[in-house]
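Here is what each chain is made of, one letter per residue.
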Amino acid sequence: LTGDLAEGERQLTRMIEIATATGNHFAVITARAQLAILALERGDDDGARIQLALAQPTENIEDYHGYIHFALIAATEARVESRAGNAKEAIAALAVCQRLRPLLTRAIPWYAVQTLLEMAEAYCDLGEVNAARAVLLDAVEIARYRPDLGTHGERVSQLQAKSRSRDGDHLV
């Protein structure tokens, strides 16, 4: 949230160690999603894929699709797939996000906004401008009530600008 990627990566790695030792699967899922996002920020799509693979539950994955913790994993997966040009897989991951979208509220503002931003990025990559804008409206609404969201507030503004700059049906 503060923009210090190296420190964030260190803290998330430590969190995974502790969460794994204590059996907190949801904390591991969230931390792995965060590490995947950091990898994307570095331009390391393969690293993001590795983190996403490590975040997946080893059994009964369908059981996790109803939990809010899975929303960030699905949104990040959508972003990875959309960047790779795998529209079908990205859309499938975004469908999981859409099912969980009613849970993305200001009750957990940083998580909700971050998930919505990853969804918006994936929609932008797919050229789905209106879908990106709809998701961003939710993020803006949450940020209005909870303005101190670190770098997420800046990303909301950046993505709004990106969604306004259009070249035909695709974002530039």
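How each quantity is defined
- Residues numbered from 1 in each chain as written.
- Predicted model: local features only at pLDDT ≥ 70, side-chain atom pairs only at ≥ 80, totals over all residues.
- Heavy atoms only, no water.
- Helix = DSSP H or I, 4+ residues; strand = E, 2+ residues; numbered from the N terminus.
- Buried < 20%, exposed > 50% of the residue type's maximum accessible area, 1.4 Å probe, protein only.
- Contact = heavy atoms within 4.5 Å.
- Areas by Shrake-Rupley, 256 points an atom, 1.4 Å probe, with all protein chains shown as cover.
- Axes fitted to C-alpha atoms, helices over the stretch in contact; angles between N-to-C directions.
- Parallel < 35°, antiparallel > 145°, perpendicular 65-115°, else oblique.
- Nonpolar A, V, L, I, M, F, W, Y, C, P; charged D, E, K, R; others polar.
- Phe/Tyr/Trp six-rings, centres within 6.5 Å; stacked < 30°, edge-to-face > 60°.
- pLDDT = per-residue confidence, 0-100.
- Core = buried A, V, L, I, M, F, W, Y, C linked by side-chain atoms within 4.5 Å.
- Left-handed = near helix turned anticlockwise from the far one by under 90°.
- Salt bridge = Lys/Arg side-chain N within 4 Å of Asp/Glu carboxyl O.
- Expected span 1.5 Å × (residues − 1).
- Arc of directions from axis to C-beta.

A. Region of the structure containing the overall build of the protein chain. Along the protein chain, the regular secondary structure elements total 9 helices and 2 strands. Starting at the N terminus, the α and β elements of the protein chain follow one another as α-α-α-α-α-α-α-α-α-β-β. In the protein chain, buried positions account for 44% of the 172 residues. Residue pairs in contact within the protein chain that sit at least 24 positions apart in sequence constitute 65% of those at least 6 positions apart. If you sum the accessible surface of the protein chain, you get close to 8,900 Å²; carbon and sulfur atoms cover 52% of it.

B. Spotlight on the packing of helix α2 (residues 25-41) against helix α3 (residues 45-55). Running from N to C, α2 and α3 cross one another at 175°; their axes reach a closest spacing of 7 Å. Taken together, the axes of α2 and α3 are roughly antiparallel relative to one another. On α3, the residues that touch Ile-29, Arg-32, Leu-35, Ala-36, Ala-39 and Leu-40 of α2 are Asp-45, Gly-47, Ala-48, Gln-51, Leu-52, Leu-54 and Ala-55. Residues belonging to the contact of α2 with α3 are distributed by class as follows: 9 nonpolar, 2 polar and 2 charged.

C. Expanded view of the packing of aromatic side chains. A complete count under the given rule lists 2 aromatic pairs for this structure. For the pair Phe-26 and Tyr-67, a centre-to-centre distance of 5.1 Å together with 45° between the ring planes defines the contact as tilted. Residue Phe-26 is found in helix α2, and its partner Tyr-67 is found in the loop between α4 (61-64) and α5 (69-83); the two are separated by 41 residues along the sequence.

D. The confidence of the model for the protein chain, seen in detail. Considering every residue of the protein chain, the mean pLDDT works out to 85; 83% of them sit at 70 or more. Across the protein chain, the secondary-structure element scoring lowest on mean pLDDT is strand β2 (residues 170-171), at 42, and the one scoring highest is helix α6 (residues 87-100), at 96. A low-confidence stretch, residues 167-172 stays under pLDDT 50, and its non-local contacts, those more than four residues away or across chains, total 12 contacts.

E. A look at the nonpolar core. Core analysis: the largest hydrophobic core is formed by 43 residues, its most contacted members being Ile-73, Leu-94, Leu-104, Leu-116 and Met-119. The element that contributes the greatest number of residues to this core is helix α7 (residues 109-125), accounting for 10 residues. When residues no more than four places from it in sequence are discounted, the contact partners of Ile-73 are Ile-29, Ala-33, Leu-52, Ala-55 and Gln-56.

F. Here's a closer look at the packing of α7 against helix α8 (residues 129-145). Direction vectors running N to C along α7 and α8 enclose 165°, while the axes themselves pass 8 Å from each other. The angle between α7 and α8 falls in the class roughly antiparallel. Classified by chirality, the crossing of α8 by α7 is left-handed. Across the interface between the two elements, Pro-109, Ala-112, Val-113, Leu-116, Leu-117, Met-119, Ala-120, Tyr-123 and Cys-124 from α7 touch Ala-131, Ala-132, Val-135, Leu-136, Asp-138, Ala-139 and Ile-142 from α8. Partitioning the contact of α7 with α8 into residue classes produces 15 nonpolar, no polar and 1 charged.

G. Representation of the pattern of salt bridges. Under the criterion given, the structure shown has 10 salt bridges. Arg-10 serves as the salt-bridge partner of Glu-7, at 2.9 Å between the closest nitrogen and oxygen. With Glu-7 and Arg-10 both in helix α1 (residues 5-22) and 3 residues apart, the pair spans about one turn of that helix. Here Asp-45 ties to Arg-83 by a salt bridge, and the two come within 2.6 Å at their closest N and O atoms. Note that Asp-45 is positioned in helix α3 and Arg-83 in helix α5, a separation of 38 residues in sequence.

H. Looking closely at the environment of Leu-52. Following the sequence through the fold, Leu-52 ends up in helix α3. Along the chain, Leu-52 and Val-80 lie 28 residues apart, while their C-alpha atoms are 9.4 Å from each other.

I. Just α8, in detail. Helix length check: α8 (17 residues) gives 25 Å between terminal C-alpha atoms against 24 Å at 1.5 Å per residue, within 8%. When α8 is considered as a whole, its buried residues turn out to be Val-129, Ala-132, Val-135, Leu-136, Ala-139, Ile-142 and Ala-143. For α8, the angular spread of the buried residues around the axis is 140°, confining them to a single face. Residues of α8 that are exposed and point over 90 degrees away from its buried face: Asn-130, Leu-137 and Arg-144.

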